[in-house]
Amino acid sequence: MNGTSTALIVVGLFFAGGIISFVKQKMPKSLIVLLSIGAAMCLVAGVMRLEVWN
């Protein structure tokens, strides 16, 4: 696991925590969807950069 993949996974998990917080605060759904897309992209990019696929 290199630094970039670790950073992307950590940021994705941070965004996932933000999603939970925003849902509890009843923030606008469009903001939650935007944050969800960002979290999913970070997590997928982090997993795809892992060196276990070689």
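Look a little higher up for the structure.
Overview of the structure. (Residues numbered from 1 in each chain as written. Predicted model: local features only at pLDDT ≥ 70, side-chain atom pairs only at ≥ 80, totals over all residues. Heavy atoms only, no water.)

### Examining unusual backbone geometry
Working note: non-glycine residues mostly have negative phi, and peptide bonds are mostly trans. One non-glycine residue with positive phi stands out, namely Lys 26, at about 55°. When you line up the elements, Lys 26 lands in the loop between helix 1 (3-24) and helix 2 (29-48). (Helix = DSSP H or I, 4+ residues; strand = E, 2+ residues; numbered from the N terminus.)

### Focus: helix 1
Spanning 22 residues, helix 1 covers 32 Å between terminal C-alpha atoms, matching the ideal 32 Å at 1.5 Å per step. Turning to helix 1, its buried residues number three or more, namely Ser 5, Ile 9, Gly 12, Gly 18 and Ile 19. For helix 1, the secondary structure elements touched by its buried residues are helix 2. Just downstream of helix 1 lies Lys 26, where phi reads positive at about 55°. (Expected span 1.5 Å × (residues − 1). Buried < 20%, exposed > 50% of the residue type's maximum accessible area, 1.4 Å probe, protein only. Contact = heavy atoms within 4.5 Å.)

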